[in-house]
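Summary of the model geometry
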Amino acid sequence: MKLDAKVLRYMSAEEFRVLTAVEMGSKNHDVVPTTLIAQIAGLRHGGSHKLLGELAKRNLVARVKNARYDGYRLTYGGYDYLALKTFAKRESIYSVGNQIGVGKESDIYIVANEEESQHVLKIHRWNRLGRVSFRAIKSKRDYLNRRKSASWMYMSRLAAMKEYAFMKVLHENGFPVPTPIDQVRHCIVMELINAYPLRQISEVKDPGKLYSDLMNIIVRLANYGLIHGDFNEFNILVKENSEPVLIDFPQMVSTSHPNAEWYFNRDVECIRRYFLRKYGYESMLYPKFHLDINREFDLDVQVAASGFTKQHQQELEQYQAELNEFQDQTEGSPLSRDEDPEPKNINRTYSAHRDITEIRSISTNLSLPATRLTDVEIKKRVTQSLSKKNRKLQNNTTHSSHKRNQAKGKEKRKAAEVARYGGRDGSIFD
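Conventions used here
- Residues numbered from 1 in each chain as written.
- Predicted model: local features only at pLDDT ≥ 70, side-chain atom pairs only at ≥ 80, totals over all residues.
- Heavy atoms only, no water.
- Helix = DSSP H or I, 4+ residues; strand = E, 2+ residues; numbered from the N terminus.
- Buried < 20%, exposed > 50% of the residue type's maximum accessible area, 1.4 Å probe, protein only.
- Contact = heavy atoms within 4.5 Å.
- Areas by Shrake-Rupley, 256 points an atom, 1.4 Å probe, with all protein chains shown as cover.
- Pairing = 2+ DSSP bridges.
- Axes fitted to C-alpha atoms, helices over the stretch in contact; angles between N-to-C directions.
- Parallel < 35°, antiparallel > 145°, perpendicular 65-115°, else oblique.
- Nonpolar A, V, L, I, M, F, W, Y, C, P; charged D, E, K, R; others polar.
- Arc of directions from axis to C-beta.
- pLDDT = per-residue confidence, 0-100.
- Phe/Tyr/Trp six-rings, centres within 6.5 Å; stacked < 30°, edge-to-face > 60°.
- Lys NZ or Arg CZ within 6 Å of the ring centre and 35° of its normal.
- Expected span 1.5 Å × (residues − 1).

A separate point is the overall build of the protein. A count of helical and extended segments in the protein gives 12 helices and 13 strands. By residue count, 42% of the 430 residues in the protein fall in the buried class. Restricting to contacts in the protein with at least 6 residues of sequence separation, those with at least 24 account for 68%. Here the protein has roughly 25800 Å² of accessible surface; of this, 49% comes from carbon and sulfur atoms.

Below, the structure is given as structure tokens:
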């Protein structure tokens, strides 16, 4: 959904009060009853009903039809407006600019404060797969307790909380990440960096130096107790002086995670594959989890102390796994960016532990035996097709003639009535 903040300045305090009431009611209701919205908002039933109509016209709430009761549900537009209103009160955002990026789970916009300093607004959108995905796995989500109906809001807020917490801790410890500014609900405001994504850079002056810097960042993160989990060309920015900057932290995990080694090796292998494919650079030197990692700090403990607890992490990971499983079952879509599926707490030998001299893409051509039809079978199929076509044409002709006969009969009956009663008052026959 595209963010349109033009109407925000014209909305009244009562409208935001009703919008907040819909958000509060969404915790326990998929469709919030109108009477409950009026009760939470503290307005008269007629007043809240009128305001709900205005909010529905602006696509901030949606009225659900064919429900057992009259009610509304909060849309992403309404959730965005609630976050922007809070940002405006905190003076974090004064104006909203153009959209500069879009991803699988987020939208990126340019914003500015009252001093006209430009920042980045990242809006997490966890219903990118559609609301059907969330409804299909409701029965499994016992870990959300009473938040089952508001899963997309809750998960979007958890993803924003996680990214902001990790970004703040990494920035305080000198890692190359954007400066975090503020976080509300499912939105994050951060520093705007003049850099380009690594995937958009076709040539690098010194690929060896950039490769070494990225590997050092992976090792340093692990020594501080963290693993990025999605360390690839999409989540790395490169400045004009070739310094890398890390972004996008919703998949970051602790080195104490059961699959920490697998995540670490996947990050390393993503960089090795990309540099070989894009720049033709390959190094036989790359870090290994057991040999090069010596945990010195506990940044994961600091993240838990900031408010994003292990319980939140488990909820987010479990929901991510269920969404991926649902997508694989329904669509059968391949994993993006050449990633392997996450193992279920198993120890496996990853390809990064071996010295790979070249990477080849293997394609298999499957030839299926063709069945040859005889002349008799061909004539039989042609005859069946022609007879089916003739029957369809005959049915259409019969139906058309029946409709014409009905129209003629109706006209005859009308003419008979006019002839019988029309001359009594002289209105038709003079």
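What follows is about the pairing of strand β4 (residues 95–102). Sheet topology places β4 next to strand β5 (residues 106–112); 5 bridges connect them, and they run antiparallel. Directly across from V102, in β5, lies its bridge partner D107. Hairpin connection of β4 to β5: 3 residues between the antiparallel strands.

Turning our attention to the packing of helix α7 (residues 207–223) against helix α8 (residues 260–279). In contact at an axis separation of 11 Å, α7 and α8 are set at 175° when each is read in the N-to-C sense. Between α7 and α8, the angle is such that the two are roughly antiparallel. Contacts from P207, L210, Y211, L214, M215, I218 and A222 of α7 reach α8 at F264, D267, V268, I271, R272 and F275. Residue composition of the contact of α7 with α8, grouped by class: 11 nonpolar, no polar and 2 charged.

Okay, unusual backbone geometry next. For E91, which is not glycine, the phi torsion reads 65° and is therefore positive. E91 gets classed as exposed once you look at its relative accessible area, which sits at 55%. Of note, the phi angle at S242 is positive, near 70°, even though the residue is not glycine.

Here we come to the sheet that holds strand β3 (residues 71–74). Strand order in the open sheet formed by 3 strands is β1-β3-β2, and the pairing between neighbours is antiparallel. Each having just a single partner strand, β1 (32–33) and β2 (61–63) make up the two edges of the open sheet. Relative to β3, β1 is paired through 2 bridges, and the arrangement is antiparallel. Each bridged residue has a counterpart across the sheet, and for V32 the counterpart in β3 is Y72.

Another aspect to go through is helix α2 (residues 34–41). All of the buried residues along α2 are T34, I37, A38 and A41. Angular distribution of buried residues about the axis of α2 spans 95°; they occupy a single face of the element. Looking at α2, the residues exposed on the side facing more than 90 degrees away from the buried face are T35 and Q39. One or two positions beyond α2, positive phi appears at G42, with a value near 75°.

Scored by pLDDT, the protein comes out at a mean of 77, with 68% of its residues at no less than 70. Scored below 50 in pLDDT, residues 130–150 shows 50 contacts in the model against residues more than four places distant or in partner chains. Segment residues 423–430: pLDDT under 50, and 7 contacts once partners within four positions in sequence are set aside and those in other chains are kept.

Inspection of the entire model under this criterion finds 9 aromatic pairs. With a centroid separation of 5.8 Å and 85° between ring planes, the pair formed by Y274 and Y279 is classed as edge-to-face. For the pair Y274 and Y279, one class covers both residues: buried. Ring plane angle 65° and centroid distance 5.3 Å describe the contact between F275 and Y279, whose orientation is recorded as edge-to-face. Taken together, the positions of F275 and Y279, both in helix α8 and 4 residues apart, correspond to about one turn of that helix. Pair check on accessibility: F275 and Y279 agree, each one buried. Directly above the ring of Y286 sits R272, whose terminal nitrogen or CZ lies 4.1 Å from the centroid.

A rise of 1.5 Å per residue sets the reference length of α7, with its 17 residues, at 24 Å; its end C-alpha atoms lie 24 Å apart and thus fit the reference within 8%. With 12 of 17 residues buried, α7 lies mostly within the body of the structure. Taken as a whole, α7 has its buried residues at P207, G208, L210, Y211, L214, M215, I217, I218, V219, L221, A222 and N223. The inward-facing, buried residues of α7 contact α6 (151–172), β10 (226–227), β11 (236–238), β12 (244–246), α8 and α9 (289–292). G225 sits one or two residues past α7 and shows a positive phi near 95°.

What follows deals with the sheet that holds strand β9 (residues 196–197). Strand order in the open sheet made by the 3 strands is β9-β11-β12, with antiparallel pairing throughout. A strand with exactly one partner marks an edge of an open sheet, and here the two such strands are β9 and β12. The sheet contact formed by β11 and β12 spans 3 bridges and is antiparallel. Considered in β12, the bridge of I236 is made with L246. In the packing of α7 onto the sheet, the strands contacted are β11 and β12, and the crossing angle to β12 comes to about 35°.

A word on the environment of L55. Turning to its location among the elements, L55 is positioned in helix α3 (residues 45–57). A sequence separation of 40 residues divides L55 from E15, and the C-alpha atoms of the two residues are 7.5 Å apart.

For the rest of this paragraph, the subject is the pairing of β3. One ladder, built from 3 bridges, connects β2 with β3; its direction is antiparallel. Among the inter-strand pairings, R63 is bridged to a residue of β3, identified as Y72.

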